[in-house]
Amino acid sequence: MRILISNDDGYFAPGIEALAAALAQVGEVTVVAPERDRSGASNSLTLDRPLSLRRSANGFYHVNGTPTDCVHLAVTGMLDTLPDMVVSGINHGANMGDDTIYSGTVAAATEGYLLGVPSMAVSLVSKNPQDFTAAAQVAAELAARFKRQPMRQPVLLNVNVPEGARGDLKGIKVTRLGRRHKAEPVIKSLSPRNETIYWIGPAGEAQDAGEGTDFNAVAEGFVSITPLQIDLTHTGQMPSVAAWLA
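Residues numbered from 1 in each chain as written. Predicted model: local features only at pLDDT ≥ 70, side-chain atom pairs only at ≥ 80, totals over all residues. Heavy atoms only, no water.

Right, let's talk about the UniProt feature "binding site: a divalent metal cation" (unreviewed entry) in the protein chain for a bit. As annotated by UniProt and renumbered to match this structure, "binding site: a divalent metal cation" (unreviewed entry) occupies Asp8, Asp9, Ser39 and Asn91. The greatest C-alpha distance among the residues just named is 9.0 Å, despite their covering 84 residues of sequence, which places them together in space. Tracing the sequence through the fold places Asp8 in the loop between strand 1 (2-6) and helix 1 (14-23). Here Asp8 is in contact with Pro34, Arg36, Asp37, Arg38, Ser39, Gly40, Pro67, Asn91, Ser103, Gly104 and Thr105, once residues within four sequence places are set aside. Among the secondary structure elements, Asp9 is positioned in the loop between strand 1 and helix 1. Setting aside anything within four residues of it in sequence, one finds Asp9 in contact with Arg36, Asp37, Ser39, Ile90, Asn91 and His92. (UniProt positions renumbered as here; feature names shortened; annotations may be inferred. Helix = DSSP H or I, 4+ residues; strand = E, 2+ residues; numbered from the N terminus. Contact = heavy atoms within 4.5 Å.)

Here it is as structure tokens:
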């Protein structure tokens, strides 16, 4: 089994090191990740300059681009054969609810999915993640299950693992995405040149966190797995828009 690994925290992040070590027990691993932290990059592609691919001392490849660039470059130009799975992570923090829209971790997995490869994004739900062991074990277990029993169609899974030891996790729940309140206001300050600058504020608290959501599962100590889709068409509004145009 050939596994392509990427992330949005950079090739030097401890989360990707833990993930690569765990998945190496399941299959042949190749790591292609951004050269620096690209959290929040979403599905952006670099089209205004060329990309460079370099190999670090630990064997990981790094790209001067986004998480999407990394997977796109690897699948369409670097690798001789298509990987059997793309795994992105382990992200330093949750990617639940609306987070998935902005997440570079989810974007890397999404690119694999769009290129026809079953893909999985893995995140550790912690504000100050230190130990990625349990999340890496969960990722390896899921990859091993896929190796034994491949799904019949390309799939994009968003996995969030609560902080703690593997043995403390209560199990795995298949969930839907919850929703957050709107983000906190931007933070206004002054630059050293006395210019007004703004920092994007933190994400809001969970608004829709009821039974069946990723927020609820993680809060109860379960691993959350949400199958994602990419079709953005609002089919329910198609008749009303057609009537509006008539």
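Turning next to the packing of aromatic side chains. As enumerated under the stated definition, the model contains one aromatic pair in all. Taken together, a centroid distance of 5.6 Å and an interplanar angle of 75° make the contact between Tyr11 and Phe12 edge-to-face. Exposure remark for Tyr11: the relative accessible area of 21% places this residue in the partly exposed category. We note Lys173 situated over the ring of Phe222; from NZ or CZ to the ring centre the distance is 4.4 Å. (Phe/Tyr/Trp six-rings, centres within 6.5 Å; stacked < 30°, edge-to-face > 60°. Buried < 20%, exposed > 50% of the residue type's maximum accessible area, 1.4 Å probe, protein only. Lys NZ or Arg CZ within 6 Å of the ring centre and 35° of its normal.)

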